[in-house]
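As a plain string of letters, each chain reads:
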Amino acid sequence: MSESMERAQPANDRHPLPREGDRGEGHPTSRRGFLATSAAALAGLTLAPGIRLVEIAAAKPDNEPVTAKVRWGMLIDTTRCQSGCTECVSACGKENGLSEVTKPRTDAQWIRKIDLKDLKTGHALSLPMMCQHCAHPPCVDVCPTGASFKRADGIVLVDRHICIGCRYCMMACPYKARSFVHEPHTDQNPEVPRGQGCVESCTLCVHRVDRGGTPACVEACAAAGHNAMLFGDLNDAESAISKRIREVKTTQVRADLKLDLGVRYEGI
Amino acid sequence: MKSLAIAVLWGLTFAAAHAAEPGRTPLPAIAIEKPGQCVEPKDVMRRDHMKLLKHQRDKTMHEGIRTKPHSLNECVSCHASQKTGTVLGAEGFCQSCHDYAAVKPDCWDCHQPKAKPALQSQSGPSNRDLLDAMQRGRGGQEVKP
């Protein structure tokens, strides 16, 4: 059902890079026509959709704090995610300065690919799994120092300045999303400081998001032509991600835990 | 006579060596390679740079405020030695002074002490911008993000 709906849509509509507010050609008011209207009409027009206009401005000014008006989220379409493709994983590693995973038991993994198969039917699917950016994160509940925290815009982070590396959050996370850094590092991306002795996990590429960008994995997935990842503001009813999750059935992994996840999956 | 000459020469050399020695403790090597004004007056920076950094750190981490002047990356991009590319090392801007003051901040366990403008994603100038600037002979420093 969801598959047929999705196939009916042209691939361009699903491209995650044009951000919310991109109305396309179909909008009745052209820019020229809009400018030609009288000043009175203009005042009337801008008053009503004024809030909308503010929200369209994707990049928050550098000197303003993030607010709860925005809730960042991600939608992963497992019907488009290719088994064997690890573009998102390598893009994450490159962006955040993670080395290639050679010791899976100890190396940091912010995002990993998982292949699932229903043994009865043989139906197989592949999906990326990472921090689900819960609204009620268990890692924050258990953190003894307050290092694990949720930002106002819903991104769950570790403040390494406060983290003592006790790893309670790793045990609390139902998604196995967090890693402990066992070894010293020297090749960090200046925007993504990381080092030995702290716990870390997917940050939704917060340094990019704060400047109006999208996470590296989403960009890589689009660049590879799969378009299986969609990033956006769940609080904005007009954003591409909100429209999509309104249209099709999406799933939160372990929804029984009632954590209200920021990451949703389609087709599982 | 010869031995007297050697003794005099030795004495002179010794005196010269003593005159060049700054004291019991070697002074920090503070080299300002990029001319211009720092983000705050010099005496404020000397005394309070750690407070400014700590304040900015919490603002950035918890509120997503990414203004540049008081960010550690901006310190590094301006003060990294043009010879070694880093603020660390015996003559590094940060380390030489911290060694002198006998403090051991652990910033560099996680933060990048090397200026790497080409690595900065999104905000910084792209590789292409830097290459273009270098071809124009400006060394890439005048490229604004």
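Small disclaimer: the values here were computed from a predicted structure and weren't measured.

**Side note on the overall build of chain A**
For chain A, the helix and strand inventory stands at ten helices and ten strands. Among the 268 residues that make up chain A, the fraction classed as buried is 37%. The long-range fraction of contacts in chain A, counting pairs at least 24 apart against all pairs at least 6 apart in sequence, stands at 64%.

**What about the interface of chain B and chain A?**
By convention, interface size is frequently given as the accessible area that disappears when the constituent parts associate. Every contact between the two is made by 19 residues of chain B and, on the other side, 23 residues of chain A. Residue assignment for the side of chain B that touches chain A shows that the elements contributing at least two residues are helix H2 (42–63) and helix H5 (107–110) of chain B. Ranked by residue count, the leading element in the side of chain B that touches chain A is H2(B), at four residues. The residue makeup of the side of chain B that touches chain A, split by class, is four nonpolar, ten polar and five charged.

**What to know about the pairing of strand S2 (residues 111–117) of chain A**
As judged from the seven bridges shared by S2(A) and strand S3 (residues 124–130) of chain A, these two strands associate in the antiparallel manner. Across the sheet, residue Leu116(A) finds its bridge partner in S3(A), namely Leu125(A).

**Some thoughts on the confidence of the model for chain A**
Residues and elements named next belong to chain A. For chain A, per-residue confidence averages 84 on the pLDDT scale, and residues scoring 70 or more make up 78% of the total. Below pLDDT 50 for its whole length, residues 1–28 participates in 30 contacts with residues either more than four positions away or in separate chains. Low pLDDT (under 50) marks residues 32–57, which in the prediction has four contacts with non-local residues, meaning those over four places away or in another chain.

What counts as what
- Residues numbered from 1 in each chain as written.
- Chains lettered and ligands numbered in written order.
- Predicted model: local features only at pLDDT ≥ 70, side-chain atom pairs only at ≥ 80, totals over all residues.
- Helix = DSSP H or I, 4+ residues; strand = E, 2+ residues; numbered from the N terminus.
- Buried ≥ 20, exposed ≤ 12 C-beta atoms within 10 Å, placed from the backbone.
- Contact = placed C-beta atoms within 7 Å.
- Nonpolar A, V, L, I, M, F, W, Y, C, P; charged D, E, K, R; others polar.
- Pairing = 2+ DSSP bridges.
- pLDDT = per-residue confidence, 0-100.

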